[in-house]
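Working through the structure, step by step
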Amino acid sequence: MSEQMDQVLAEALEAIQSAETPEALGDVRIRFLGKKGSIQALMSAMKDLPKEEKPAFGQQVNALKAEVSEKLEARRKELEAGALQEKMKQDALDITLPGEKLETGTIHPLILIQQELEDLFLGMGYTVAEGPEVEQDYYNFELANIPKDHPARDMQDTFYIDPNTLLRTHTTAMQMRELEKANGQLPIKLICPGKVYRRDDDDATHSHQFMQCEGLVVGEHITLADLKGTLEYMANTMFGAGRSVRFRPSYFPFTEPSVEVDVSCPFCNGKGCSVCKGSGWIEILGAGMVHPHVLEMNGFDPEKCSGFAFGVGLERVAMLKYGIDDIRNFYTNDLRFLKMFDRFD
Ligand code: DAH
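Residues numbered from 1 in each chain as written. Predicted model: local features only at pLDDT ≥ 70, side-chain atom pairs only at ≥ 80, totals over all residues. Heavy atoms only, no water.

**Considerations on the domain arrangement of the protein**
Considered domain by domain, the protein is made up of domain 1 (2–90) and domain 2 (109–341). Inter-centroid distance (C-alpha atoms) of domain 1 to domain 2 is 92 Å. (Domains from an automatic or database assignment.)

**As for the nonpolar core**
Ranked by size, the top nonpolar core spans 45 residues in total, and within it Leu117, Met234, Leu285 and Phe310 carry the most contacts. When residues of this core are traced back to their parent elements, those giving at least two are α5 (109–122), β6 (209–219), α8 (224–239), β8 (255–264), β9 (281–290), β10 (306–313), α10 (314–322) and α11 (335–338). Residue contacts for Phe310: discarding those within four places in its chain leaves Phe121, Cys213, Glu214, Gly215, Leu227, Leu231, Met234, Leu285, Gly286 and Ala287. Ranked by size, the runner-up nonpolar core spans 25 residues in total, among them Ala144, Leu166, Cys192 and Ala309. (Core = buried A, V, L, I, M, F, W, Y, C linked by side-chain atoms within 4.5 Å. Buried < 20%, exposed > 50% of the residue type's maximum accessible area, 1.4 Å probe, protein only. Helix = DSSP H or I, 4+ residues; strand = E, 2+ residues; numbered from the N terminus. Contact = heavy atoms within 4.5 Å.)

**A few points about the sheet that holds β10**
Across the sheet, seven strands lie side by side as β1-β5-β6-β10-β9-β8-β7; this open sheet has mixed pairing. Both outer strands of the open sheet, β1 (127–128) and β7 (245–252), are each paired with one neighbouring strand and no more. Pairing geometry for strand β5 (residues 188–197) and β6, over 10 bridges, is antiparallel. Bridged to Leu190 within β6 is Leu216. Sitting on the sheet, α5 touches β1, β5, β6 and β10, and the angle it makes with β5 is about 170°. (Pairing = 2+ DSSP bridges. Axes fitted to C-alpha atoms, helices over the stretch in contact; angles between N-to-C directions.)

**With respect to the pattern of salt bridges**
Counting across every chain of the model gives 21 salt bridges. One salt bridge connects Lys87 with Asp91, and the closest N-O pair in it is separated by 3.0 Å. Residue Lys87 and its partner Asp91 are located together in helix α4 (residues 54–91), separated by four residues, close to a single helical turn. For Asp334, the salt bridge is made with Arg336, and the minimal N-O distance between the two is 2.7 Å. For Asp334, a relative accessible area of 28% gives the class partly exposed. Salt bridges sharing partners connect three or more residues here, namely Asp137, Glu142, Lys148 and Arg153. (Salt bridge = Lys/Arg side-chain N within 4 Å of Asp/Glu carboxyl O.)

**Remarks on α8**
One full turn of an α-helix is made of 3.6 residues, so residues set three or four places apart face in the same direction. When the terminal C-alpha atoms of α8 are compared, their 22 Å separation across 16 residues agrees well with the 22 Å that a helix rising 1.5 Å per residue should span. When α8 is considered as a whole, its buried residues turn out to be Leu227, Thr230, Leu231, Met234, Ala235, Met238 and Phe239. Summarising the axial view, the buried residues of α8 lie within an arc of 135°, below the 170-degree limit, and thus occupy one face. Looking at the packing, one finds that the buried side of α8 touches α5, β7, β8, β9, β10 and α10. You can read the cap of α8 off the contacts: a side-chain oxygen lies 3.1 Å from the backbone nitrogen of Ala225, and it is on Thr223. Two residues or fewer after α8 comes Gly240, characterised by a positive phi angle close to 100°. (Expected span 1.5 Å × (residues − 1). Arc of directions from axis to C-beta. Polar contact = N/O pair within 3.5 Å; in protein donor to acceptor, adjacent residues only side chain to side chain.)

Below, the structure is given as structure tokens:
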């Protein structure tokens, strides 16, 4: 019997040692300590022994059972520690590896210009107004003193949605909405930046979608001199100190008088260069005194108040400021172009 026990012990120790996983070890436990296991079989054999041999045999089987249990437990701990080591090795964080670079976007150059204009005018007590890009003919044209048969409609090739609905061709549409909304209340002092659309063929200087910023001031005793001072301040802030502006007579249906505004060339300081084509001046916007008829149509008495307005193209400002020679760059989403503006954020 003792021989048999030694054999079971040897087999058990061998099986425990060669179990490489907790699952395999579990099988070994069942094989030796389970109800149908070999140690239980020895216990069962006890009943056939002579009475006087039973106690000693029982003790030996118990000792065997204890030893196998102990060895199983030791191996279990060993395997668990090994698994932990292995897991730690696999999950190890190599803090010397270079980090993952998070890509961040840059603010679009046109938005940079818009923000700069907003800051500049908010600083002078203006508010910033918004309006719809899908606009009614009424605000885009009628209220701006451009009735249906007016030749000025041809100046602005329009995307019509239906005879009364269009994509706004200028931010002047927002100017009209704001005038109407004011309901005769003075003063008005605001800018309206936004996208506008025209049926143009795209090339280096034309885009069917572009951005403008409208300015509008209405109050008592507002004059062309106020307009000039305001635009001078704007030119100096946007293009650097030392800029001057000049007015040239022009025509817009919604202003009287109307002017085209030039700024002294920021590249040559007005001496004449290739950018200003030798003239020393660069045209940047259209402006004028709000037409009395426009004031009247919007419920203001032109005898009691007056106003100035201007509309500036943001692409034009951005192209001049950043030295960009093709307007299509703003709309083709080339990251090499857009990333250049990260330093202006
Ligand atoms: N709406 C004009 C355009 O798109 C620009 C403009 C000119 C706006 C004179 C004005 C203005 O407010 O007074 O060409």
